[in-house]
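Examining the three-dimensional arrangement
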Amino acid sequence: MNEFDDEKPLSPIPNLRCSSSSVQSTPEIEKKYVHRVYDAIAPHFSATRFAKWPKVATFLNSLPLGSLVLDAGCGNGKYLGLNPNCFFIGCDISAPLIGICADRGHEVLVADAVILPYRTGYGDAAISIAVLHHLSTESRRKKAIDELIRVVKKGGLVLITVWAVEQEDRSLLNKWTPLTHKYFEEWIGPGSPRVRSPSPFTLGSIPEGDVGGFEDQPQDLRGSVEVPEETMELNSHSEESTMGADNGENQQEYFVPWHLPYHRAEVSGASSSAVANGLAKKDDKKAAVVYNRYYHVFSEGELERLVSGMEGAVIVDRFYDKSNWCIILQKTL
C-alpha cells in the first residue's frame, strides 16, 4: 500500500461546452495539480525564476512610453517593471506567488486567467507567459485568450507563450508522465458520444517522473515565421489532433514533476501535509518532495487554431522560442 491507495480518480466531466459558467469553473485536475502545487512550491519556484526571455524583453521594451501592461499569470513577477517606461499590473492564481510580488513592491492581485479582473480596454498591452498550458480544456484555453484580448485597448498587443510538444530536447518527454485518459469535455467531442476506455493509471497513482522545469534554460531560437494560411482555419479533425493519444507521437497531456528539496520543504509543513494527502511523494534518493504539475503541451499551429474563430484580433507574429510556441495578437475592435 502506498500514499495514493485512497485517492479517488477524477471522473469524466459532462460536455458543458456551451455554458460560460462551466468554462469559468476550475476543473479538479487544475485545482490539485496546478493551483495547490504552485502554492506549495512558491518560494522554491520563485528562487529558480529570474532569467528573462529575450523575446519577452524585446516585446516589452518595444511598447510606447507610458503603456499599461497587464501580466496575466505573472508568477513571481520577473517581468513586472522590466520596461521602466511602462506601468505594470500583475495577477496570478497563486496567492503565495502574489505575496512574493507584493513584497517586491509590485502592483498585483490574485485572479484567474479565465476571469481577468479588469474592465474592457483597460490596458495597452498584455502578456501571458507559460500559463495557458496549465489549463486543462480547450474551452478554458480559448476563454483565457479571449480575456487577454478583451482587457486591452483597440490596437493593443498581446503576447502569449506556451510549452511546445516539439521540444528541442526530445529526451525531456521521456521524463514526463503521459496522461492518456480523456477526463474532460474537449476529449468527448460534440457528435462523438464514445468515451475512451479508462487509463490503467488514476491521477493519484501515476508514478513519479524526473525533474522538468526548463522554462528559463537558454536554447537556440528557430526564428519568426510567416503564419501559414491553412493554420488559420479550423478543420474537422483539429480537436482530435490536439487532444493527445495513446501513442507517444500525439501525446500532449503530461504530469511534469517538480522536486522540492527537503531543506526547502519543511519550512511551513505544507509538504508534510501534501505527502499525507497524496498530492506529493517523497524521494529519499534525491532528498526531495516530488509534486506533479499538469501540462497540456501545444502542437505547432494549435495557438493559431484557438484564435482563428475569435473576432476582434489578428495575429501579427508567430514564432518558436526556447521550446515554446509564441504568438503576438493585435486587437482590432
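Up top you'll find the structure we're talking about.
Residues numbered from 1 in each chain as written. Predicted model: local features only at pLDDT ≥ 70, side-chain atom pairs only at ≥ 80, totals over all residues. Heavy atoms only, no water.

1. Digging into the overall build of the protein chain
A count of helical and extended segments in the protein chain gives nine helices and twelve strands. When each of the 333 residues of the protein chain is scored for burial, the buried share is 54%. The long-range share in the protein chain, meaning contacts at least 24 apart out of those at least 6 apart in sequence, stands at 73%. (Helix = DSSP H or I, 4+ residues; strand = E, 2+ residues; numbered from the N terminus. Buried < 20%, exposed > 50% of the residue type's maximum accessible area, 1.4 Å probe, protein only. Contact = heavy atoms within 4.5 Å.)

2. So, the sheet that holds strand β6 (residues 177-178)
Taken together, the four strands give an open sheet; going across it, the order is β6-β8-β10-β9, and neighbouring strands pair in antiparallel fashion. The strands lining the two open edges of the sheet, one partner per strand, are β6 and β9 (280-283). By the bridge criterion, four bridges tie β9 to strand β10 (residues 288-296) in an arrangement that is antiparallel. Looking at the pairing, Lys-282 lines up with Val-289 of β10. Strands β8 (253-261), β9 and β10 of the sheet are contacted by helix α8 (residues 270-277), whose axis makes an angle of about 70 degrees with β10. (Pairing = 2+ DSSP bridges. Axes fitted to C-alpha atoms, helices over the stretch in contact; angles between N-to-C directions.)

3. Some details on the packing of aromatic side chains
As enumerated under the stated definition, the model contains eight aromatic pairs in all. Taking the centre distance of 5.1 Å and the plane angle of 90 degrees together, the rings of Tyr-38 and Phe-45 count as edge-to-face. Here the two residues Tyr-38 and Phe-45 agree in accessibility, since each one is buried. Residues Trp-176 and Tyr-254 carry aromatic rings whose centres are separated by 5.3 Å and whose planes lie at 75 degrees to one another, so their mutual orientation is edge-to-face. With a gap of 78 residues between them, Trp-176 in the loop between β5 (152-163) and β6 and Tyr-254 in strand β8 connect regions that are remote in the sequence. Owing to a relative accessible area of 3%, Trp-176 belongs among the buried residues under this scheme. Lying across the ring of Phe-319, Lys-55 places its NZ or CZ 5.0 Å from the centre. (Phe/Tyr/Trp six-rings, centres within 6.5 Å; stacked < 30°, edge-to-face > 60°. Lys NZ or Arg CZ within 6 Å of the ring centre and 35° of its normal.)

4. Some words on helix α5 (residues 138-150)
Between its first and last C-alpha atoms α5 spans 18 Å; for 13 residues at 1.5 Å apiece the expected length is 18 Å, and the two agree. Counting buried positions along α5 gives ten out of 13 residues, so the element sits mostly inside the fold. Every buried residue of α5 is accounted for by Glu-138, Ser-139, Arg-140, Arg-141, Lys-143, Ala-144, Ile-145, Glu-147, Leu-148 and Ile-149. (Expected span 1.5 Å × (residues − 1).)

5. What to know about unusual backbone geometry
Unusually for a residue other than glycine, Ala-130 sits at a positive phi of about 60 degrees. Backbone geometry places Ala-287, a non-glycine residue, at a positive phi of 50 degrees. Considering the arrangement of structural elements, one finds Ala-287 in the loop between β9 and β10.

6. Things to note about the side chain of Arg-140
Secondary-structure assignment places Arg-140 in helix α5. Looking at Arg-140, the relative accessible area reads 2%, which means it is buried. Ignoring sequence-local partners within four residues, the contact set of Arg-140 consists of Val-23, Gln-24, Ser-25, Thr-26, Pro-27, Glu-30, Asp-112, Val-114 and Leu-135.

7. A short note on the nonpolar core
If you look at the biggest cluster of nonpolar residues, it comprises 33 residues, and the most contacted ones within it are Leu-132, Ile-145, Ile-160, Leu-303 and Leu-329. Going through the elements one at a time, β1 (68-72), β2 (87-92), α5, β5, α9 (302-308), β11 (313-321) and β12 (324-331) are the ones with two or more residues in this core. Every residue in contact with Leu-132, bar those within four places of it in the chain, is listed here: Arg-141, Ala-144, Ile-145, Ile-160, Val-162, Phe-298 and Leu-303. By size, the runner-up hydrophobic cluster in this structure holds 30 residues, among which are Tyr-33, Leu-279, Val-289 and Tyr-294. (Core = buried A, V, L, I, M, F, W, Y, C linked by side-chain atoms within 4.5 Å.)

8. Notes on the pairing of β12
By the criterion of burial, β12 is predominantly enclosed, with seven of the eight residues buried. Two elements, β11 and β12, share eight bridges in a ladder whose sense is antiparallel. By the bridge assignment for β12, Ile-315 is matched with Leu-329. Connecting β11 to the antiparallel partner β12 that follows it, the hairpin turn spans two residues, and Lys-322 within it adopts a positive phi of roughly 50 degrees.

9. Here's the deal with the environment of Gly-278
Relative to the assigned elements, Gly-278 resides in the loop between α8 and β9. Measuring from C-alpha to C-alpha, the distance between Gly-278 and Tyr-291 comes to 9.7 Å, with 13 residues separating the pair along the chain.

10. Let's talk about the packing of helix α2 (residues 28-47) against helix α4 (residues 95-103)
As a packed pair, α2 and α4 sit with axes 7 Å apart at the nearest point and diverge in direction by 35 degrees. For the pair α2 and α4, contact is made by Asp-39, Ala-42, Pro-43, Phe-45 and Ser-46 and by Ala-95, Pro-96, Leu-97 and Ile-100, respectively. Across the contact of α2 with α4, the residue classes tally to seven nonpolar, one polar and one charged. (Nonpolar A, V, L, I, M, F, W, Y, C, P; charged D, E, K, R; others polar.)

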